[in-house]
Structure formats: C-alpha cells, structure tokens
Amino acid sequence: MRKLGWLLAVAVALGGSTAAAFPWMVKHDYQSCAVCHVDPSGAGQLTPYGRAQSDVLLRWRIKKPTADEAQEPSPTTRFLWFIDLPEVVNLSGNFRGGAMIPVGGAPRPLFMAADLYGTVKVDRFVFHASSGLGLRNVGPAAILPQCGGDKPCNAQWVAREFWAGATFADEAVMVRAGRMFVPFGLRNNEHFMWVRDTTNTDTNLDQQVGVSASYNGEKLRGEVMGLLGNYQLGPDAYRERGYSAFAEYTVLSKLYLGLSSLIAVSQADLLLQLPQVRHAHGVTMRWSPLEPLALLAEVDFLAWQQPTRLDRLGFAALVQADFEVMQGLHLIGSVEGQHTGSQERGPSVGGWVSAAWYVLPHVEVRLDAILRRTARPAPDPATVGFTLLGQLHFFL
Amino acid sequence: MRFHRAIFFAASLGAAAASATPTFTGVMQTELMMSGPPPGVCGVCHLNGVTTTGTVTTPFGRAVRMNGLMANNDASLRAALTALTMANTDSDGDGCSDIAELKGMPSPTNPNVATDCSAGGDGGTMVMDGGMGGGGAGGGGPTIGPIRYGCGANSVPELMALAAVVALALRARRS
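Computed from a predicted model, the values in this text were never measured in an experiment.

A. Up close: the state of the cysteines. Under the counting rule described, the total for this entry stands at one disulfide over all chains. The residue that forms a disulfide with Cys147 of chain A is Cys153 of chain A, at a sulfur-sulfur distance of 2.1 Å. Residues Cys147 of chain A and Cys153 of chain A are joined by a disulfide whose S-S torsion is about 90°; by sign, that bridge is right-handed. Not engaged in a disulfide, the cysteine Cys42 of chain B finds its nearest cysteine sulfur in Cys45 of chain B; these two sulfurs lie 8.8 Å apart. Cys42 of chain B gets classed as partly exposed once you look at its relative accessible area, which sits at 32%.

Printed below as a string of structure tokens:
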C-alpha cells in the first residue's frame with residue numbers, strides 16, 4: 001500500500017493521454033488486440049496474458065535474456081507488481097503525468113490520467129469499468145462535478161468506460177453494450193494526433209455509449225458499433241448518433257490493411273449549433289517489413305454536412321515508423337497532416353520524433369518532440385509551434 | 001469537446017485558436033457599406049459579446065446561422081446577408097429589417113434590440129410580420145444552451161441501460 005501511495009503522489013504531483021495501445025505490436029506477429037486487451041479492439045486495460053506479454057516483449061533488459069528467460073514473464077507482472085488476483089477478477093491502473101515544454105514558453109505540468117480499471121469475467125460474460133481523476137479538459141468523460149458553460153472543467157471524477165459484454169464462437173465474437181472506445185482507424189496512443197482528434201476517436205475522451213459487435217478471426221478482425229451518444233454531455237442536441245466501424249485483413253505475413261467508416265448525426269454542432277452530419281472514412285495499414293520495424297499509416301476523408309448543404313470537406317493523415325533499437329527502447333518518427341475545410345491556406349502539417357523506454361516493469365518513460373505548422377483561416381498566417389512533451393507512465 | 005481541446009492544444013503548441021471569426025465584422029462592413037462596425041461588434045452575433053462555444057445565439061446570430069453561416073467562411077456570411085436582405089428578416093421584430101438596421105445612417109442600430117429604427121434609418125424595408133426567429137428565411141430556431149458535462153448533463157439513461165444489460169446477462173446465466 002505504501003508503494004501505491006507513493007505512486008499516486010508522484011502521479012498527482014506531475015499533474016491528458018490515457019489508455020495505451022500499441023498498433024506496432026504487428027512486429028511481434030500480433031494482429032489481434034483481443035488477446036492482450038480487455039477491449040477486443042485494443043487500448044485500455046490489459047488481460048493477464050497481455051500483462052505477461054508486456055513484460056516478455058516490451059520491458060527493457062540490461063542484459064540480453066537467455067532463451068528461457070525471454071519466454072518467462074517476471075512475477076512482477078501481477079497487479080501492483082506482486083498481488084495475485086482470482087481468475088475472474090482483473091484489476092489494474094493507469095497513471096500518466098509529465099510536462100509540456102513549448103519553446104519560448106514556460107513548462108506546463110500535465111496530469112494526464114489517473115484511472116483504475118476493473119473487469120470481472122464470469123464464464124462468457126465480461127463486465128468492465130474504469131474510473132479516476134481528471135484535471136483540465138476532461139469534460140466529455142466527467143461524472144462530477146458538472147462543468148461547461150461558465151464552469152471550467154478543472155478537476156473531475158471521470159468514467160471513460162463502463163460496459164458489459166458476452167463472448168461467442170470460442171471468444172472470436174464479442175457483443176457489448178455500454179460506454180466504449182469508438183472503433184475507428186489505428187488505435188494509437190498519441191491521442192491528440194490529428195487522425196484521432198479530427199475524427200473524434202481518441203481513447204482519452206471520445207468514448208460513446210452504444211452497442212457493438214466485434215470479431216477477431218485468424219485473418220480478419222473488426223468491430224461495428226451503433227453510437228447512441230455521449231450521455232456525459234448535454235443538452236441532448238449535442239450528442240452524436242450513428243455508427244462507427246473498422247475491419248482489418250491480413251494481406252501477407254505482418255501486413256494488414258484496414259477500412260474504417262463513421263457517420264454521426266447531431267442536432268447541434270459545437271460552433272454554430274446547427275444540425276450536422278459528420279463523416280469520416282479511411283484506410284489504414286500496419287506493416288512490419290523487418291523484425292524491429294513497424295510502419296503504420298492512416299488516411300481519413302472527412303466531411304461535415306449541414307441540413308441543406310455540404311459544409312466542409314477535409315482530411316487527416318498519419319504515417320508512423322516505430323523502430324525498436326533494443327527490447328524496451330523504441331524510436332518513433334511520425335508525419336501527420338490535416339485540413340478541416342475551414343478556409344485554411346493549405347493543410348496543416350506536423351512531425352513527431354519520439355522515444356519510448358519501458359525501463360522497469362509497469363513503467364514507461366517517453367519523450368516527444370513535436371513540430372507543427374497549423375494552417376489558419378485566411379487572412380491569418382499559419383502558426384508554427386515546437387513542443388517537447390515528457391511523460392512518466394505507470395500501469396499497475 | 002473538440003473545441004475545448006482545440007483551445008488547449010493550440011495554447012500548448014503555440015497555435016492561436018479563436019472561437020469567433022475575426023474577419024466577419026469587416027465583411028459585414030464592406031458588404032453592407034456600413035459606416036462603422038456593427039453595433040456591439042462581436043455581440044451582434046455572440047450573446048453578450050462572449051466569443052466562446054455556443055454563444056452565437058443572439059436573434060441576428062441565429063438568423064445568419066440558419067441562412068448558412070459557416071465558421072471561418074467569409075463567403076458564407078456574404079450569402080447569409082444576401083438571404084436576409086431578400087427575406088427582409090426582422091430578428092427583433094421592431095418593424096425594420098435587420099439589414100436596414102445595420103445599414104442605418106448616420107449610425108447603425110442593433111438588429112437584436114427593438115428600437116424606433118425608422119427615425120434614423122436610410123429607408124430600410126419595413127416588415128409587418130416575422131419577428132424574432134420568424135421573419136422570412138431568417139428564423140433562427142430555438143436556442144440551445146451551452147454544452148454541459150458531467151452527471152447533471154444527464155448520465156442516468158446510460159447507467160440504467162447498462163444496469164439492464166447486466167441484469168439480463170445475470171438472468172441468462174442463472175437460467
């Protein structure tokens with residue numbers, strides 16, 4: 001308990017990304033996310049198997065492990081490092097904090113996530129919930145206190161996911177209902193990259209209430225979700241209803257191509273409060289041409305319709321290369337672009353250079369250098385910003 | 001939600017996010033050949049002049065929205081002003097059209113506030129019906145309040161739905 005208290009204190013002191021998902025696991029021959037994550041499409045809480053694999057495949061080792069050691073997870077992979085839980089119960093936590101350092105500006109501490117996860121699996125039935133504390137801009141996942149309008153969302157009790165589901169066909173199919181991640185595109189953990197932000201599909205705040213069916217087969221995986229809206233925001237006119245879906249097919253060994261589609265209807269968009277139909281349709285690719293390298297790509301076509309006209313057309317795109325220098329140390333380069341169709345002069349473009357170091361069991365240290373040229377509507381000139389983002393991440 | 005995040009990251013990454021379109025008042029002046037900025041400047045469209053999310057709720061603001069105004073799109077504002085002119089929209093129901101009030105000489109009057117606009121107007125078209133939200137093509141529709149987050153924003157239905165699913169699952173397991 002003292003260790004937990006210490007961890008909490010550190011997380012609070014560092015004071016938003018949350019659920020981790022690693023699409024680059026293709027390099028280890030993992031197409032499906034369901035074996036390692038409670039959510040069958042990835043991100044969020046790990047299964048006990050996923051927890052073990054995170055130790056075997058992700059953790060940095062000072063010395064190269066022997067063949068036997070390389071296959072054997074450390075006993076520290078358990079909840080809170082050492083606690084054995086009954087088979088039906090899966091508890092874990094996600095604490096992420098750090099600092100954002102804009103060049104020419106003051107460092108800004110970030111409290112990104114402090115969530116606890118709980119899952120109960122009885123026979124074919126799965127019940128999952130997460131809850132925690134959120135600081136700043138966590139309104140869409142907030143439970144209490146109420147915020148928005150003239151009340152800033154500064155410190156909120158949040159609940160990002162809570163759902164119940166049942167598995168069928170030897171766990172290849174899962175049907176769920178509740179508040180879940182929206183199935184769309186690459187479920188990358190850089191949640192404010194443009195492909196996630198402009199499609200409203202990041203794993204931090206864009207969960208929706210709905211009903212979903214997912215499939216994880218040998219060559220094909222996918223999920224279809226009926227969106228019923230985010231009931232943690234209101235009035236109802238702002239809630240989006242529709243569908244979101246993705247499917248990914250194994251074309252060749254370690255080469256996966258995917259399609260995503262989302263159409264969401266709301267009675268009021270956030271800016272002009274006009275009825276809106278929002279479209280996002282895209283393609284994804286995950287490819288590991290060499291053992292230590294994974295290439296990821298996503299291109300999304302975006303459209304916003306108002307009742308009597310096509311409002312805007314846009315796009316978002318990402319290409320990412322993840323190179324595992326040695327086990328536990330990843331260098332990641334990303335190039336992204338977007339256009340929101342709002343009279344910008346050309347697209348916005350950005351580049352990320354990142355390093356992720358899984359230094360200890362349950363501990364990740366990450367540094368991102370982000371350069372973005374953000375196009376502004378005419379006549380404003382584009383803005384260029386360079387930011388360093390440092391993160392310390394504990395997953396219990 | 002997207003908007004709040006945009007502000008956060010724009011501030012963080014050095015980009016400048018704005019919730020009002022800064023060119024709109026200039027477009028109105030040019031398009032309507034006004035002698036100065038519209039009354040209240042941003043307040044002609046934004047409630048109390050506060051340019052944050054969900055504040056384009058003045059009667060005139062709603063009227064231009066319903067005639068196709070799009071954020072950061074000057075052409076959409078020109079088209080909306082043309083539509084209001086054609087429809088003689090009178091958002092405040094004072095008998096003078098919005099466009100006549102804005103073009104009024106020597107100084108424009110506020111199309112959101114009922115005044116004796118005929119005294120200072122430059123021959124603005126009088127309208128005999130319509131009124132707030134109902135004139136010609138200008139009807140702004142009901143005002144939607146600002147977005148709210150949290151339990152008070154109505155999270156009960158989802159909890160009830162989840163409880164129902166859990167109950168059904170447990171019942172199925174028992175049987």
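B. Region of interest: the packing of aromatic side chains. Residue and element names in this part refer to chain A. Taken as a whole, this structure holds two aromatic pairs over all chains when the rule is applied. Seen in terms of ring centroids, Trp60 and Trp357 are 5.2 Å apart; in terms of plane orientation they differ by 75°. Their pairing is edge-to-face. In this pair, Trp60 sits in the loop between α2 (48-58) and α3 (67-71) while Trp357 sits in strand β18 (residues 348-360), placing the two residues 297 residues apart along the sequence. Taking the relative accessible area as the measure of exposure, Trp60 reaches 22% and is therefore partly exposed. Judged by centre distance (5.4 Å) and plane angle (45°), the ring pair of Phe192 and Trp352 falls under tilted. Of the two residues, Phe192 is situated in the loop between β8 (173-180) and α4 (194-197) and Trp352 in strand β18; the sequence distance between them amounts to 160 residues. Given the relative accessible area of 8%, Phe192 is considered buried. A cation over a ring is seen here: Arg312 above Trp304, with NZ or CZ 4.1 Å from the ring centre.

C. Representation of the sheet that holds strand β5 (residues 147-148) of chain A. In space, the three strands of this open sheet follow the order β5(A)-β1(B)-β11(A), with antiparallel pairing throughout. Since the sheet does not close on itself, it has two edges, and those belong to β5 and β11 (233-234) of chain A, each with one partner.

Criteria and thresholds
- Residues numbered from 1 in each chain as written.
- Chains lettered and ligands numbered in written order.
- Predicted model: local features only at pLDDT ≥ 70, side-chain atom pairs only at ≥ 80, totals over all residues.
- Heavy atoms only, no water.
- Disulfide = S-S within 2.5 Å.
- Buried < 20%, exposed > 50% of the residue type's maximum accessible area, 1.4 Å probe, protein only.
- Phe/Tyr/Trp six-rings, centres within 6.5 Å; stacked < 30°, edge-to-face > 60°.
- Helix = DSSP H or I, 4+ residues; strand = E, 2+ residues; numbered from the N terminus.
- Lys NZ or Arg CZ within 6 Å of the ring centre and 35° of its normal.
- Pairing = 2+ DSSP bridges.

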